[in-house]
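Commentary on secondary and tertiary structure
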Amino acid sequence: MRVLVTGGAGYIGSTVSALLAARGHQPVVYDNLSHGRLDLLPFGAELIRGEVEDRAGLEYLFKTAREAGNPFQAVLHFAALIEAGESMKHPESFFRNNTASTLALLEAMLAQGPRLLVFSSTAAVYGEPEVTPIEEDAKLQPTNAYGESKLLVERMLAWLNRIHGLRYASLRYFNVAGAAEEADGSIPRGEAHEPESHLIPRILDVALGRSPAARIYGDDYPTPDGTCIRDYIHVSDLADAHLLALEALKKQTAISGRTESYDGNSLYNLGNNEGFSVRQVIDSARRVTGHPIPIEVYPRRPGDSAILVASSKKAKRELGWKPRYTSLDDIVRTAWIWHQKRYAK
């Protein structure tokens, strides 16, 4: 399949693009490089620099590809702002970049492009869950604008499926971490944000001497050690789930010229069904790196949920998804190898 990968030069998008290429697909990366990195692109990947909000440009891209006899069969959509804390300072930026821009992409797809989409969603759509682990039919009550911006897209997708027959899978990620290991044992790409706000890379920065201490934002949550609990999923396992979702969409049965109406079956949680507190993640990094990693405690950040742990039974049952990295230490180990390489003198 020829697949357009928006945000394909980012951490997750580049990992999925590399796996697409390895499985015989033809990924085309569409990225403005505002947060993406050229060094993360898989070797030989085609890159188109563009904005997701550019509906006319996307329509032209889809139209010319089709007329040239090399059409896109699907879109994998990763391009978005992702910092939940920042969304509570500038929510308008998240609704513009995540919600409105995605609408432009969807309109371009309906006008000229493929009718098959895998959407990068988030566990933040659940907010403070009433039951843990969280299943896909749990109440949707985001506690930050980032989660709301993604939930609005999910709602748009449901309507476009019902009215226009747009086929989609919405993958609700929990905390993505680690670095992808190639068949030859190399680790060519990993997590790199500027500035970095994700927990594991920030902790590893301390072990590398790039930061004096790991920051804990809030130690008074209703959890065993007072710090937030999250479910960590390795980026390679996440990439596998995208390709499985893509294959499932290809096989989706059409009814009366359109796909089955939306009934929630296109929503999947992706996590390891186990939660670790911030302090437990720091302890894991200490074991992996051999560094003491001092900590500093700061006040809670607005919009942070106390506990987010996935039930991924549905993805395993319906997609045949089988995560390979189920140990937190193994996830941190791959990230540590990549970060050492990244900052090697």
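Residues numbered from 1 in each chain as written. Predicted model: local features only at pLDDT ≥ 70, side-chain atom pairs only at ≥ 80, totals over all residues. Heavy atoms only, no water.

**Quick word on the side chain of Glu191**
Basically, it comes down to this: The numbering of helices and of strands both runs from the N terminus, where a helix is a DSSP run of H or I of at least 4 residues and a strand a run of E of at least 2. Whether a residue is buried, partly exposed or exposed follows from its accessible area with a 1.4 Å probe, protein chains only, as a fraction of its type maximum: under 20%, in between, or over 50%, in that order. Counting rule applied: Lys, Arg positive; Asp, Glu negative; His and chain ends not counted. Put simply, a salt bridge is a Lys or Arg side-chain nitrogen that is within 4 Å of an Asp or Glu carboxyl oxygen. Contacts were defined at the residue level, with two residues in contact if any of their heavy atoms lie within 4.5 Å.
Structurally, Glu191 is set in the loop between strand E7 (175-177) and helix H6 (199-207). Within the buried core, Glu191 has no salt-bridge partner, and the shortest N-O distance to an opposite charge, that of Arg202, equals 9.0 Å. If sequence neighbours within four positions are ignored, Glu191 has contacts with Tyr11, Val176, Ala177, Glu196, His198, Pro201, Trp338, His339 and Arg342.

**What to know about the environment of Thr289**
Keep this limit in mind: Two N or O atoms form a polar contact when they lie within 3.5 Å of each other; inside protein one atom must be a possible hydrogen donor and the other a possible acceptor, and for residues adjacent in sequence the pair counts only when both atoms belong to side chains.
By secondary structure assignment, the location of Thr289 is in helix H8 (residues 278-289). Classification of Thr289 as buried rests on a relative accessible area of 17%. Once you skip the residues sitting within four places of it in the chain, Thr289 turns out to touch Leu204, Ala207 and Trp336. There is a polar contact of 3.1 Å between the side chain of Thr289 and the backbone nitrogen of His291.

**Considerations on the sheet that holds strand E1 (residues 2-6)**
As a reminder of what qualifies: A pair of strands is considered paired only if DSSP assigns at least 2 bridges between the two. Where helices are involved, their axes are fitted lines through C-alpha atoms of the stretch in contact, as for all axes, and angles between N-to-C directions lie from 0 to 180°.
Reading across from one edge, E3-E2-E1-E4-E5-E6-E12 is the order of the seven strands in this open sheet, with parallel pairing throughout. Two strands in the sheet have a free side with no partner beyond their single neighbour: strand E3 (46-49) and strand E12 (267-270). Ignoring strand direction, the axes of neighbouring strands in this sheet form an average angle of 20°. Direction of pairing for E1 relative to strand E2 (residues 26-31): parallel, over a ladder of five bridges. Along E2, the bridge assignment pairs Val5 with Val29. The strands touched by helix H2 (residues 55-67) within the sheet are E1, E2, E3 and strand E4 (74-77), with E1 carrying the most contacts at an inclination of about 165°.

**Some points on unusual backbone geometry**
Cis geometry is found at the peptide bond from Thr132 to Pro133, where omega equals 0°. With respect to the element layout, Pro133 can be found in the loop between strand E5 (116-122) and helix H5 (145-164). A positive phi angle, close to 65°, is found at Asn273, a residue other than glycine. Here Asn273 lies in the loop between E12 and strand E13 (275-277). Judged by relative accessible area, Asn273 falls into the partly exposed class, the value being 30%. If you check the backbone angles, Ile293 has positive phi at about 50° while not being a glycine. Structurally, the position occupied by Ile293 is in the loop between H8 and strand E14 (295-298).

**Considering H2**
Heads up, the condition is: The span you would expect from a helix comes to 1.5 Å times its residue count less one. Directions from the helix axis toward the C-beta atoms define the arc.
Given a rise of 1.5 Å per residue, 13 residues ought to cover 18 Å, and the 18 Å separating the end C-alpha atoms of H2 matches this to within 8%. Turning to H2, its buried residues are Leu58, Glu59, Leu61, Phe62 and Ala65. Along the axis of H2, the buried residues cluster in a sector spanning 160°; they form a single face. Looking at H2, the residues exposed on the side facing more than 90 degrees away from the buried face are Ala56, Tyr60 and Glu67. Where H2 terminates, the next one or two residues include Gly69, which has phi positive at roughly 80°.

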